[in-house]
Amino acid sequence: MTGPRSGMRSGGELLVAQLQAFGVERVFMVPGESFLPCIDALYARRGAIEAVVCRQEGGAAYMAEAHGKLTGQPGICFVSRGPGATNAAIGVHTAREDSTPMILFIGQVGSDAVDRQCFQEVDYRAMYTPLAKWVAQIERADRIPEYLARAWAIATGGRPGPVVLALPEDMLSSLAGTALAA
């Protein structure tokens, strides 16, 4: 059993709960299999967080960038690995050039497949470092609140800009009993 009573949540549930704790009311995404636990968690919180489903990742990233520009809060975007991540790069580049707060979440292969040239595996730190203020991969579900708090602070601090966080599939499915960061 997961949820508030058990104290245990999947990484996907914890990530979406953390977004809600930061006041996120809307996310932009192209649904993909590499972050299904996040999609399930967004569906469970559909009354609190609107998931705007897009047809192409570049469009989703542009929408998140525009949302960040209009609100001053990070625009949130979810995309799949590989081609999804490369398509979203144009929105991240725009956010960097226009000093717009944005957080891009990218589905990633599971930790058991890293560095095996797995289907659509990309080193997002190498790819996005020139385009983003910070790029990281969350390896453990219990560290999601820490990573999101840091991502939020970096995206909105100083000269605002984009942050990219990769989300390994197995991390999103694993359980953690972690308090939310505020």
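Right, let's walk through the structure included here. (Residues numbered from 1 in each chain as written. Predicted model: local features only at pLDDT ≥ 70, side-chain atom pairs only at ≥ 80, totals over all residues. Heavy atoms only, no water.)

With that settled, the discussion passes to the overall build of the chain. Of the regular secondary structure elements, the chain holds seven helices and eight strands. Here the chain, with 182 residues, has 50% of them falling under the buried criterion. Intrachain contacts of the chain at a sequence separation of at least 6 include 79% that bridge at least 24 residues. (Helix = DSSP H or I, 4+ residues; strand = E, 2+ residues; numbered from the N terminus. Buried < 20%, exposed > 50% of the residue type's maximum accessible area, 1.4 Å probe, protein only. Contact = heavy atoms within 4.5 Å.)

The subject of this paragraph is the packing of helix H3 (residues 57-71) against helix H4 (residues 83-97). Viewed as axis vectors pointing N to C, H3 and H4 meet at an angle of 25 degrees, and their least axial separation amounts to 7 Å. Classified by the angle between their axes, H3 and H4 sit roughly parallel to one another. Crossing angle aside, the handedness with which H3 passes H4 is right-handed. Here H3 contributes Glu 57, Gly 58, Ala 61, Tyr 62 and Glu 65 to the contact with H4, which in turn contributes Gly 84, Asn 87, Ala 88, Ile 90, Gly 91, Thr 94 and Ala 95. (Axes fitted to C-alpha atoms, helices over the stretch in contact; angles between N-to-C directions. Parallel < 35°, antiparallel > 145°, perpendicular 65-115°, else oblique. Left-handed = near helix turned anticlockwise from the far one by under 90°.)

On to the pairing of strand E2 (residues 26-29). Examined bridge by bridge, E2 and strand E3 (residues 50-53) share four bridges and lie parallel to one another. Pairing of Arg 26 across the sheet is with Glu 50, part of E3. Crossover E2 to E3 through helix H2 (residues 36-44) is right-handed. Pairing of E2 with strand E4 (residues 75-79) involves two bridges; the strand directions are parallel. The partner of Met 29 across the bridge, within E4, is Phe 78. (Pairing = 2+ DSSP bridges. Right-handed = clockwise from strand over helix to strand, strands pointing away.)

Okay, the pattern of salt bridges next. Taken as a whole and judged by the stated rule, the model has seven salt bridges. Between Lys 69 and Glu 65 there is a salt bridge, and its shortest N-O distance comes to 2.9 Å. Taken together, the positions of Lys 69 and Glu 65, both in helix H3 and four residues apart, correspond to about one turn of that helix. Glu 65 gets classed as buried once you look at its relative accessible area, which sits at 5%. Each of Glu 33, Arg 81 and Glu 169 takes part in one network of salt bridges that share partners. (Salt bridge = Lys/Arg side-chain N within 4 Å of Asp/Glu carboxyl O.)

This paragraph deals with the sheet that holds strand E6 (residues 134-137). In spatial order, the strands read E3-E2-E4-E5-E7-E6; together these six strands make up an open sheet with parallel pairing. Each having just a single partner strand, E3 and E6 make up the two edges of the open sheet. The mean angle between the axes of side-by-side strands here comes to 20 degrees, regardless of whether they run parallel or antiparallel. In the packing of helix H1 (residues 11-21) onto the sheet, contacts are made with E4, strand E5 (102-108) and strand E7 (162-168), and the angle to E4 comes to roughly 165 degrees.

A word on H4. The end-to-end C-alpha distance of H4 is 22 Å, a good match for the 21 Å that 15 residues give at a rise of 1.5 Å each. Largest kink in H4: about 35 degrees, centred on Ala 89. Listed as buried for H4 are Gly 84, Ala 85, Ala 88, Ala 89, Gly 91, Val 92, Thr 94 and Ala 95. Contacts made by the buried residues of H4 are with H3, E4, E5, helix H5 (124-128) and E7. (Expected span 1.5 Å × (residues − 1). Bend = angle between axes of the 7 residues up to and from the residue.)

In this section: the nonpolar core. With 33 residues, the main nonpolar core has Phe 78, Phe 105 and Leu 165 as its most contacted residues. Looking at this core element by element, the count peaks at six residues for helix H6 (residues 144-156). Of all hydrophobic cores here, the second largest spans 24 residues; its members include Cys 54, Val 79, Ala 95 and Met 102. (Core = buried A, V, L, I, M, F, W, Y, C linked by side-chain atoms within 4.5 Å.)

Turning our attention to the environment of Gly 107. With respect to the element layout, Gly 107 can be found in strand E5. Note on Gly 107: relative accessible area 0%, which makes it buried. When the C-alpha atoms of Gly 107 and Ala 85 are compared, they prove to be 8.5 Å apart, with 22 residues separating the residues in sequence. Look past the residues within four positions of Gly 107 in its chain and what remains in contact with it is Ser 34, Phe 35, Val 79, Ser 80, Arg 81, Tyr 124 and Leu 167.

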